[in-house]
Number of protein chains: 2
Amino acid sequence: MAEKGILLVVSGFSGAGKGTLLKALLEKYDSYALSISATTRAPRAGEQEGREYFFKTREEFEAMIQAGELVEYASYVGNYYGTPRAYVEEQLSLGRDVILEIEIQGALKIKEHFPDSVLLFLSPPSAKELRRRLEGRGTESREVVESRMTRAREEAVGIEEYDYFVVNDEIHACAEQVHGIMQSEHARAFRSQALIEKIRSGL
Amino acid sequence: MAEKGILLVVSGFSGAGKGTLLKALLEKYDSYALSISATTRAPRAGEQEGREYFFKTREEFEAMIQAGELVEYASYVGNYYGTPRAYVEEQLSLGRDVILEIEIQGALKIKEHFPDSVLLFLSPPSAKELRRRLEGRGTESREVVESRMTRAREEAVGIEEYDYFVVNDEIHACAEQVHGIMQSEHARAFRSQALIEKIRSGL
């Protein structure tokens, strides 16, 4: 039987490069699977059922909530978004590390249901760089910039709840670092119980 | 100011290759420092004060105990062995990762005094291989083999207390893995407080 996979939850400031990191990990290593969210939002052009999202009606989504089929869910601009439990558990049991991109409230819910999950917060290299990205090219209105700043301040509140704080300066180095973190996590003693017991029983 | 170093405590079965691992890490990377023990045992031929050990008289050693200058100490075959606190703290504040090879009781004392330390247990790849090493070349008496077995069973009891369980199959791969673990540990959110605060205050 394959060793169980690890659930990796990735959060971080807007503009930290979360999407690029996930893409890099999935392209470079076949040990990862991306968790696919369920949503009641309508598919956009080019989006495929089961690739970008599992598209659900409001009734279907609420039935999933009732049946406990979602690890976490939230409502955003009038639509539901949630993480189906079955897909995550299936991939983990196949020994794949499942990546989930989600904000802090969802991340903490995940940690509650999957205490062995790894929470990682991604950040640009400096406050100055973060501010530069939030301010955009100077073409944004003051209101837009200010709302991004407020959002970033909110995102920054929970960083201490995360296991790792990773700086994305250069995407390839960053992906390597995150992959290194996952390899190290696989060497944690509590994840090696089966091997430890096997060696112990041979003494 | 350099980021603070991490205290790495290495334990493991006899014959797991702890000494070889330490040597490989110290030779390959200059970010590590080896913690040097104090002892009341007499220097052996070729041993140097401050290299293999800090050699102390019984009176000096007991004064160090009284003054709280040892993180942990134990008595073994009539001699004291202990870990001087000053050297460890000095190296950590210089940003070096300090490696300490010690058995479980000492390791747990270290974790008490340095809760941020990393405890790593090293093992041969299998029970069969461990047994083979413990049995030696078949030239050992049954008593010697049996006492090694007893010792290994004792060593195996506390593995769950360790943070990491690392298999030493091939020493270079093993050293790389341990170095990867230490790099990942440096990315833990609780070790990145200064950087997190800096970014947060810039928002």
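Structure: above.
Residues numbered from 1 in each chain as written. Chains lettered and ligands numbered in written order. Predicted model: local features only at pLDDT ≥ 70, side-chain atom pairs only at ≥ 80, totals over all residues. Heavy atoms only, no water.

Here we look at the sheet that holds strand β1 (residues 7–12) of chain A
Residue and element names in this part refer to chain A.
Turning to step 1, where the next piece is worked out: Strand order across the open sheet formed by five strands is β2-β7-β1-β8-β9, with parallel pairing between neighbours. Unpaired on one side and paired on the other, β2 (32–34) and β9 (164–167) mark the two borders of the sheet. Strand-to-strand, the axes of this sheet are offset by a mean angle of 30°, without reference to chain direction.
Turning to step 2, where the next piece is worked out: Relative to β9, strand β8 (residues 118–123) runs parallel, the two sharing four bridges. (Pairing = 2+ DSSP bridges. Helix = DSSP H or I, 4+ residues; strand = E, 2+ residues; numbered from the N terminus. Axes fitted to C-alpha atoms, helices over the stretch in contact; angles between N-to-C directions.)

Here's the deal with the packing of aromatic side chains
Residues and elements named next belong to chain A.
Turning to step 1, where the next piece is worked out: Taken as a whole and assessed by the stated rule, the structure comprises 22 aromatic pairs over all chains.
Turning to step 2, where the next piece is worked out: With 6.3 Å between their ring centres and 65° between their planes, Tyr76 and Tyr81 make a pair best called edge-to-face.
Turning to step 3, where the next piece is worked out: Put simply, the rings of Phe13, Phe121, Tyr162 and Phe165 touch in pairs and so form one group of aromatic residues. (Phe/Tyr/Trp six-rings, centres within 6.5 Å; stacked < 30°, edge-to-face > 60°.)

As for the relation of the copies chain A and chain B
Turning to step 1, where the next piece is worked out: Each copy of the sequence occupies a distinct position, and chain A is placed on chain B by a rotation of 180° and an axial shift of 0.0 Å, giving an RMSD of 0.0 Å. Such a combination of rotation and displacement between the chain copies is what one expects of a two-fold axis. Of the C-alpha atoms belonging to chain A, the one lying closest to the rotation axis is found on Gly180(A), 3.1 Å away. (Least-squares fit on C-alpha atoms with pLDDT ≥ 70 in both.)

What about the pattern of salt bridges?
Residue and element names in this part refer to chain B.
Turning to step 1, where the next piece is worked out: As enumerated under the stated definition, the model contains 34 salt bridges over all chains in all.
Turning to step 2, where the next piece is worked out: The residue Arg41 makes a salt bridge to Glu47 at a minimum N-O spacing of 3.0 Å. Accessibility classification places Arg41 together with Glu47 in one group, the buried group.
Turning to step 3, where the next piece is worked out: Taking the shortest distance from any N to any O, the salt bridge between Arg153 and Glu146 comes out at 3.5 Å.
Turning to step 4, where the next piece is worked out: According to the relative accessible area criterion, Arg153 is partly exposed, its value standing at 35%. (Salt bridge = Lys/Arg side-chain N within 4 Å of Asp/Glu carboxyl O. Buried < 20%, exposed > 50% of the residue type's maximum accessible area, 1.4 Å probe, protein only.)

Observations concerning helix α5 (residues 127–135) of chain A
Turning to step 1, where the next piece is worked out: Burial in α5(A) covers these residues: Ala127(A), Glu129(A), Leu130(A) and Leu134(A). All buried residues of α5(A) project into a common sector of 165° when viewed along the axis, lining one side.
Turning to step 2, where the next piece is worked out: Structurally, α5(A) contributes buried residues whose contacts are with α6 (142–157) of chain A together with α8 (193–201) of chain B.
Turning to step 3, where the next piece is worked out: Two residues or fewer after α5(A) comes Gly136(A), characterised by a positive phi angle close to 65°. (Arc of directions from axis to C-beta. Contact = heavy atoms within 4.5 Å.)

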